[in-house]
Amino acid sequence: MSGIKSVQVLLNNNAIEKKEYIETDPDTGKETFPMDISEEINLTEEMLLSNEPEGGQYTLLIKCIDAEGKESQKDIKFFADLSIPSLSIKGVENGKAYNENKNIKINMIDKNPEAADLSIKINKNEETILEESMKGDETFEYLVKDEGEYSVIVSGVDKGEHKVSDNINFIIDKTDPVLGDIDITGDKREGYTWFYDNVDINSNSKDILSGLKNIRIFVNEKTVYSAEYNSSIEEENISHIITKQWISENESAKGRYEVRIEALDMAGNDLSKKGIFYADVENPDVEISGISDGEYTNNKPTITVGAQDNYKEENTIYINVIKDGKKFDKKNLIAEGEYDDFKGDGEYQIQVKSVDKAGNESTTKKVAFIYDTTAPVLSLTGAKEGSYTK
């Protein structure tokens, strides 16, 4: 035998190592070659990953060449799986709530999924409703229809003993939250139905499955209150004050304000309730025309009065008439009108006041005048009819 000249190592037909075994005899200066060798081949993770085949099967080929150039070789086949698998869970997300059916799809992502094992367990309200095992190249599907709290527990292991797991928790909630009746209270004067100051809006809400997300209060569809609850399942009291200033800055047709409370749960279910209130927070004014203060007239006047207010059509005008210092007449009008029921000469004073539906009063306006239809009396003295004088 001529001895071993070199050894080459190939992994999946890719050269990863080559060694030469040429030695020189110190006495003769000739090249010599060993007759036998012993080497350890260390296949690193980097080598395996850079030469990773489909299916995970590797071929390690060793070529040995002697000093005469003759070659011999041997190969060995083995399997290795260095890739870390992952899980794909589609259709639901962890921590989310849904108000509709959800289709769950689960599969394993791996270089060699057919050699991996997958285990799936589904719990509803902490009770197991399904357990299933399958190969990693299969797809699992499950349609969730019923309301409840679900957990999907998935675990897998590949041929290389790499383990992977995931746990998804979600809720199916198709029920609207509970919303109590709207209670509207506030400042009203006795005998009046409209509010003249702050208005209190009160209610309550609860959602026992996915929990409340937020509650909003709208007045004439303007948001006046919003609160976030982050999946609270406790009963939440709702309370908000509509201030006098807000009412003043947001006048509404005919003093009518519509309240709407909306409760939204984490699954997207919502419920609204409505209420109505009437309010007038401004004092009215009143106008008098038809005669001037201090005027004398011999024609029976017609006095025109009118309320000046945001909602004057809801105002009551009170007219008091004083004649010669004594009460003479009174009359009530709605919004505007006339008064001309003056009887006989005299000194008159008209007192006019406007009161709105909330009991807000104007200042009383007064107009005084003299009504005189009697001609003056003329008398002559110092002479008699038909007499002569010198």
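Heads up: the structure comes first, above all this text.
Computed from a predicted model, the values in this text were never measured in an experiment.

A. Representation of the overall build of the protein chain. Secondary structure summary: the protein chain contains 2 helices and 30 strands in total. Its C-alpha radius of gyration of 51 Å places the protein chain more than 25% over the 21 Å reference for a compact globule of 390 residues. Counting only C-alpha atoms and orienting by the principal axes, one finds that the protein chain spans roughly 200 × 55 × 25 Å. Going through the 390 residues of the protein chain one by one, you find that 38% of them count as buried. Relative to all contacts within the protein chain whose residues are 6 or more apart in sequence, the contacts with residues 24 or more apart total 58%. Accessible surface computed for the protein chain: about 23500 Å², of which carbon and sulfur atoms make up 44%.

B. Region of the structure containing the sheet that holds strand E13 (residues 148-157). Judged by pairing direction, the sheet is mixed, and its 5 strands sit side by side in the order E8-E14-E13-E10-E11 without closing on themselves. One side of each edge strand has no neighbouring strand; the edge strands of this open sheet are strand E8 (96-98) and strand E11 (127-135). Strand-to-strand twist across the sheet, computed as the mean angle between neighbouring axes with direction ignored, equals 20°. Summarising the sheet, E13 and strand E14 (residues 163-172) pair through 10 bridges and their orientation is antiparallel. When the bridges of E14 are listed, Ile153 appears paired with Asn167.

C. Looking closely at the sheet that holds strand E23 (residues 285-289). Spatial ordering of the open sheet is given by E23-E25-E28, a layout of 3 strands whose pairing is antiparallel. Edge strands, defined here as strands with exactly one partner in the open sheet, are E23 and strand E28 (336-339). Strand after strand, the sheet turns through a mean of 20° between neighbouring axes, direction not considered. Examined bridge by bridge, E23 and strand E25 (residues 303-308) share 5 bridges and lie antiparallel to one another.

D. Just the side chain of Glu262, in detail. Mapped onto the elements, Glu262 comes out in strand E21 (residues 256-265). Residue class for Glu262 comes out buried when judged on its relative accessible area of 10%. Apart from residues lying up to four places away in sequence, Glu262 is in contact with Asn214, Ile215, Arg216, Phe218, Asp270, Leu271 and Ser272.

E. Here's a closer look at the nonpolar core. Membership of the largest hydrophobic core comes to 28 residues, with the highest contact counts inside it found for Ile201, Ile247, Val259, Ile261 and Phe277. For this core, the secondary-structure elements that each account for two or more residues are strand E17 (199-206), strand E18 (212-219), strand E19 (222-232), strand E20 (236-242), helix H2 (244-249) and E21. Setting aside anything within four residues of it in sequence, one finds Ile247 in contact with Asp197, Val199, Ile242, Tyr257, Phe277, Ala279 and Val281. If you look at the next biggest cluster of nonpolar residues, it comprises 22 residues, including Ile89, Val152, Val154 and Ile168.

F. View of the side chain of Asn315. Along the polypeptide, Asn315 turns up in the loop between E25 and strand E26 (316-323). For Asn315, a relative accessible area of 0% puts it in the buried group. Setting aside its immediate chain neighbours within four residues, Asn315 contacts Pro284, Ala307, Asp309, Leu333, Ile334, Ala335, Ser354, Val355 and Asp356.

Cut-offs used in this document
- Residues numbered from 1 in each chain as written.
- Predicted model: local features only at pLDDT ≥ 70, side-chain atom pairs only at ≥ 80, totals over all residues.
- Heavy atoms only, no water.
- Helix = DSSP H or I, 4+ residues; strand = E, 2+ residues; numbered from the N terminus.
- Rg over C-alpha atoms; globule rule 2.2 N^0.38 Å.
- Buried < 20%, exposed > 50% of the residue type's maximum accessible area, 1.4 Å probe, protein only.
- Contact = heavy atoms within 4.5 Å.
- Areas by Shrake-Rupley, 256 points an atom, 1.4 Å probe, with all protein chains shown as cover.
- Pairing = 2+ DSSP bridges.
- Axes fitted to C-alpha atoms, helices over the stretch in contact; angles between N-to-C directions.
- Core = buried A, V, L, I, M, F, W, Y, C linked by side-chain atoms within 4.5 Å.

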